[in-house]
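Take a look at the letters that make up each chain.
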Amino acid sequence: MAEEELQMEEGGKKSKLMIIIIAVVVIIAGGGAAFYFLMGSEEPAPLAEEGVTAAGSDSAAVPNTALVKTGTALYVAMPRPFTFNAPGATRDRYVEIKVQLMMRGSDNEEQVKMHIPLIEGKLLTAFSSANADDLTTEAGKTAIRANALRDVQKVMVDVVGNQVVEEVLFTGFVMQ
């Protein structure tokens, strides 16, 4: 009788262990699926031919930002951080932002390095128009970064005839 009880207890431990293992696998798979759907890329799959967009039209009809991004990303750091006062509803805030610009191709890198003073001026103008209350939110930071990118690309088109800069990245952000 003691042997039968012992065998039943061992069988119960194995089934509990199996249920726990299955539950862990299901949770991990569900978490992976959720991550994929929430963080998955919304960009269309890149095409093999440069200058062709996902819609199949030529590059002349579509802005440069919709083109397939080819080449190694290169980064140019602005030589000094941008410091300015941002007005807020309750009080003004002191803001310091360190910026790097991302572009592709060594020719574009040289163009950016050659025009750093012009780019710094545009970035400072874009940052100075910011509101301290907006800069406390992620949406506000994203908006000022998008405005800065638009302004830098516009000035580079005016000067060299190409947008050159692909991203404006904040590598440091302090607000007091």
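Now for a quick tour of the structure. Since we're looking at a predicted model, the values are computed, not measured.

### Notes on helix H3 (residues 116-128)
Logical step 1: Along its 13 residues, H3 runs 18 Å from first to last C-alpha, staying within 8% of the 18 Å computed at 1.5 Å per residue.
Logical step 2: Taken together, the buried positions of H3 are Ile116, Ile119, Glu120, Leu123, Ala126 and Phe127. Down the axis, H3 shows its buried residues gathered within 130 degrees of arc, on one side only. Away from the buried face of H3 by more than 90 degrees, exposed residues Pro117 and Thr125 are located.

### Observations concerning the packing of helix H2 (residues 106-114) against H3
Logical step 1: Direction vectors running N to C along H2 and H3 enclose 70 degrees, while the axes themselves pass 5 Å from each other. Between H2 and H3, the angle is such that the two are roughly perpendicular. Where H2 approaches H3, its residues Val112, Lys113 and Met114 are matched on the opposing element by Ile116, Pro117 and Ile119.
Logical step 2: Class assignment of the residues belonging to the contact of H2 with H3 gives a composition of five nonpolar, no polar and one charged.

Conventions and cut-offs
Residues numbered from 1 in each chain as written. Predicted model: local features only at pLDDT ≥ 70, side-chain atom pairs only at ≥ 80, totals over all residues. Heavy atoms only, no water. Helix = DSSP H or I, 4+ residues; strand = E, 2+ residues; numbered from the N terminus. Expected span 1.5 Å × (residues − 1). Buried < 20%, exposed > 50% of the residue type's maximum accessible area, 1.4 Å probe, protein only. Arc of directions from axis to C-beta. Axes fitted to C-alpha atoms, helices over the stretch in contact; angles between N-to-C directions. Parallel < 35°, antiparallel > 145°, perpendicular 65-115°, else oblique. Contact = heavy atoms within 4.5 Å. Nonpolar A, V, L, I, M, F, W, Y, C, P; charged D, E, K, R; others polar.

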